[in-house]
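Survey of secondary and tertiary structure
The residues making up each chain are set out below.
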Amino acid sequence: MPGAGTFRDDFGASVVVALVALPLCVGVAVASGVPAELGIVTGVVGGLVTGWFRGSSLQVSGPAAGLTVLVYEAVQAYGLPALGVLVLAAGVMQLGMGALRLGRWFRAISVAVVHGMLAGIGLVLISGQLYALGGVEAPGQTLAKLRGVHELGAQADLAAVLLGLGTIAAMVAWRRVPARLRIVPGALVGVAAATAVAVLLRLPVEKVRVTGVLAAVSPPGWGDFGVLASVGAAGTVVALALIASAETLFSAAAVDRMHDGPRTEYDKELIAQGVGNTLCGLLGALPMTAVIVRSAANVEAGARTRAARVMHGGWLLLFAVAFPRALESVPLAALAGVLLHAGWKLLPARAVAALWRTHRGEAVVLLVTASAILVTNLFEGVLIGLGLAVAKAAWETSHVHIEEVWEDEELCVRVVGNASFLRLPKLLDALDALPHGQPVRLDLSGLRHMDHACLTALEGWERARTPLPGREGVI
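Report follows, based on the coordinates. Computed from a predicted structure; not experimentally measured.

1. Things to note about empty space enclosed by the protein
Under the counting rule described, the total for this entry stands at one cavity of 30 Å³ or more. Size it by volume and the largest cavity reaches roughly 40 Å³. For the largest cavity, the full set of lining residues is Val28, Ser32, Pro63, Ala64, Leu67, Thr68, Val71, Leu286 and Pro287. The residue inventory of the lining of the largest cavity, partitioned by class, reads seven nonpolar, two polar and no charged.

In structure tokens, the structure reads:
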């Protein structure tokens, strides 16, 4: 049984994590185009429900900036009532993946693709929140948002811009204050300061709209499930499940490196996320994933057991029930500042620089993935990145070369390596460059792998070079 010291550490950590989570829950909800309360509902479920599971003891779940783009697109395409159905289906899919023990396979995803996905999400998030910062209605498509950025200066509300920039400045400056004061998270300090300024000066800026938690919760009806017949909606479900799972399990790997406690059991954590998203879907709330910002805050605040994340859900619920009207004073520009800061932190500038120095192919995969997300959407962009990573891996592993050895006035050509159709043109060019008019024996015993295209081509080449009977190659 945990002792009093452990409970005290978990209790203190839960307060810190709740303070970190509150502005992020609200900000992610607003950026996703749904009522602010739904973000808090997802945070509550992430604590009070998912927090009980044993997959990862210190990882904290809730609504994530990484899913904002996908959720916003889904709400715009299918409407808010359909969101619960999509999240519910994604949760059921996660449960199935966990039951089939597929959690460990997420560790096989190319790190370059993951960084590219985060970079793409960060760029899309920034492009959208720049408009929210200035109180300007944003165009629908990401490329249109980027093209219109240069016109924002003439349209933006100066007061809103100053509040948002002040929020970002407060968050950046807060990291330099003494450690004993940083128990209060910078995001909360920035939002609280911006809210106080807006209230005291009575600034005419747009603020969060509040309907109440119970009014915001809207379980899907039977008629809403018809959306799953759409190919696009089915793709959204798959994207939600895969991206949320990948972000959760990569976060788990990072959190495991931050503490000496029990390691994450990936399949159990996947089931925990599935249960949480299934319940979020039934409540019509946002999808959840494990979030590295909250998880890191939990570890750094001294959490010892999963009780800390459970209690953090209780604090969020208490705030939503006891102080719902407090949200009505929060300027949207302040939340835009929080999300701009979060989007900036998703841009892996150091990772790109390091990869460019050591593995330029990986850096190209990262940049292509991010660019594809900007041009298309999150799901298609990630698929393009994964396809490029697989093609790159296939190309790099299909190394093949030939060795020439003369044996009793006969040229023995030994092919060594992995022969695939990707290297076939180069291989045939090398073979055609061999001296003509000499007996040739082809030795393929040095090949570790050879596909059918190479086998057919090499047999044809040998027949053309050694037409005499009895000159069969060593296949």
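Back to the text.
2. Here's the deal with unusual backbone geometry
The phi dihedral of Arg101 falls on the positive side, at around 60°, and the residue is not glycine. Looking at the secondary structure, you find Arg101 in the loop between helix H4 (80-99) and helix H5 (111-134). Judged by its relative accessible area of 49%, Arg101 falls in the partly exposed class. Notably, Arg202 is not glycine yet its phi reads approximately 50°, a positive angle. Its location among the elements puts Arg202 in the loop between helix H9 (186-200) and helix H10 (213-216). Among the residues examined, Arg202 registers a relative accessible area of 75% and is labelled exposed.

3. Focus on H4
A rise of 1.5 Å per residue sets the reference length of H4, with its 20 residues, at 28 Å; its end C-alpha atoms lie 30 Å apart and thus fit the reference within 8%. One or two steps after H4, the chain reaches Arg101, where phi turns positive at roughly 60°.

4. Focus on the sheet that holds strand S3 (residues 400-407)
The strand order across the open sheet formed by three strands is S3-S4-S5, and the pairing between neighbours is mixed. At either margin of the open sheet sits one strand with a lone partner, and together these are S3 and strand S5 (440-450). Taken over all neighbouring pairs, the strand axes of this sheet differ in orientation by 15° on average, direction set aside. Alignment of strand S4 (residues 410-419) against S5, held across eight bridges, turns out to be parallel. Paired with Arg414 across the bridge in S5 is Asp443.

5. With respect to a nonpolar patch on the surface
Nonpolar side chains collect at one region of the surface, where Phe7, Phe11, Val15, Trp315 and Leu318 lie side by side and expose about 440 Å² of accessible area between them. At the level of secondary structure, the elements contributing two or more residues to the nonpolar patch comprise helix H1 (4-31) and helix H14 (307-322). Tallying contributions element by element places H1 first for the nonpolar patch, with three residues. Here Val15 is to be found in helix H1. The exposure class assigned to Val15 is partly exposed, which follows from its relative accessible area of 30%.

6. Thoughts on the environment of Gln76
With respect to the element layout, Gln76 can be found in helix H3 (residues 68-78). Judged by relative accessible area, which is 53%, Gln76 ranks as exposed. In sequence terms Gln76 and Gly33 are 43 residues apart; their C-alpha atoms lie 8.1 Å from each other.

7. Structural notes on the nonpolar core
Within the largest apolar cluster, 74 residues are counted, with the highest numbers of intra-cluster contacts made by Ile40, Val208 and Leu378. If near-sequence neighbours (up to four positions away) are discounted, Ile40 is found in contact with Leu22, Cys25, Val26, Leu316, Ala320 and Leu327. Core analysis: the second largest hydrophobic core is formed by 16 residues, Val400, Ala419, Leu424 and Leu427 among them.

8. Focus: the pairing of S4
Counting buried positions along S4 gives nine out of 10 residues, so the element sits mostly inside the fold. Between S3 and S4, which pair antiparallel one after the other, the connecting turn spans two residues, and Asp408 there sits at a positive phi close to 55°. This β-α-β element, S4 to helix H19 (residues 424-432) to S5, shows right-handed connectivity.

9. Focus: the packing of helix H17 (residues 360-375) against helix H18 (residues 378-397)
At a minimum axis separation of 7 Å, H17 and H18 run at an interaxial angle of 160°. Relative to H18, the element H17 lies roughly antiparallel. Every pair of crossing elements has a handedness; the one defined by H17 and H18 is right-handed. Between H17, through Gly361, Glu362, Val364, Val365, Val368, Thr369, Ala372 and Ile373, and H18, the contact on the second element is made entirely by Leu378, Gly381, Val382, Ile384, Gly385, Leu388, Ala389 and Lys392. Class assignment of the residues belonging to the contact of H17 with H18 gives a composition of 10 nonpolar, four polar and two charged.

10. Focus on the pairing of S3
Bridging between S3 and S4 involves eight bridges; their strand directions are antiparallel. Residue pairing in the sheet places Glu407 in a bridge with Glu410 of S4.

11. Focus on the environment of Leu83
By secondary structure assignment, the location of Leu83 is in helix H4. Not counting the four nearest positions on each side in its chain, Leu83 is found in contact with Val34, Val71, Val75, Ala285 and Leu286.

12. With respect to the layout of surface pockets
Estimates place the volume of the second largest pocket at around 1,100 Å³. Residue lining of the second largest pocket: 46 residues in total, with Val30, Ala31, Tyr72, Gln129 and Ala138 positioned closest to the centre. Listed by contribution, the elements that provide at least two residues to the lining of the second largest pocket are H1, H3, H5, helix H6 (142-147), helix H15 (332-346) and H17. The leading source of residues in the lining of the second largest pocket is H5, at seven residues. Considered class by class, the residues forming the lining of the second largest pocket number 26 nonpolar, 13 polar and seven charged.

13. Things to note about the packing of aromatic side chains
With the rule as written, the count across this model stands at three aromatic pairs. On the numbers, 6.1 Å between centres and 35° between planes, the contact of Phe7 with Phe11 is tilted. Residue Phe7 and its partner Phe11 are located together in helix H1, separated by four residues, close to a single helical turn. What makes Phe7 partly exposed here is its relative accessible area of 48%. Judged by its relative accessible area of 35%, Phe11 falls in the partly exposed class. Between Trp222 and Phe225, the ring centres sit 5.9 Å apart and the planes meet at 35°, which makes this aromatic pair tilted. Aromatic rings pair up to connect Phe7, Phe11 and Trp315 into one cluster.

Calculation rules
Residues numbered from 1 in each chain as written. Predicted model: local features only at pLDDT ≥ 70, side-chain atom pairs only at ≥ 80, totals over all residues. Heavy atoms only, no water. 1 Å grid on protein atoms, 1.4 Å probe; cavity = no way out; pocket = protein on both sides within 12 Å on 5 of 7 lines; lining within 4 Å. Points joined across faces, edges and corners; volume = space filled by probe spheres on them. Nonpolar A, V, L, I, M, F, W, Y, C, P; charged D, E, K, R; others polar. Helix = DSSP H or I, 4+ residues; strand = E, 2+ residues; numbered from the N terminus. Buried < 20%, exposed > 50% of the residue type's maximum accessible area, 1.4 Å probe, protein only. Expected span 1.5 Å × (residues − 1). Pairing = 2+ DSSP bridges. Axes fitted to C-alpha atoms, helices over the stretch in contact; angles between N-to-C directions. Patch = residues over 30% accessible without salt bridge, like charges linked within 9 Å, V, L, I, M, F, W, Y side chains within 5 Å. Areas by Shrake-Rupley, 256 points an atom, 1.4 Å probe, with all protein chains shown as cover. Salt bridge = Lys/Arg side-chain N within 4 Å of Asp/Glu carboxyl O. Core = buried A, V, L, I, M, F, W, Y, C linked by side-chain atoms within 4.5 Å. Contact = heavy atoms within 4.5 Å. Right-handed = clockwise from strand over helix to strand, strands pointing away. Parallel < 35°, antiparallel > 145°, perpendicular 65-115°, else oblique. Left-handed = near helix turned anticlockwise from the far one by under 90°. Phe/Tyr/Trp six-rings, centres within 6.5 Å; stacked < 30°, edge-to-face > 60°.

Structural measurements only, silent on function.
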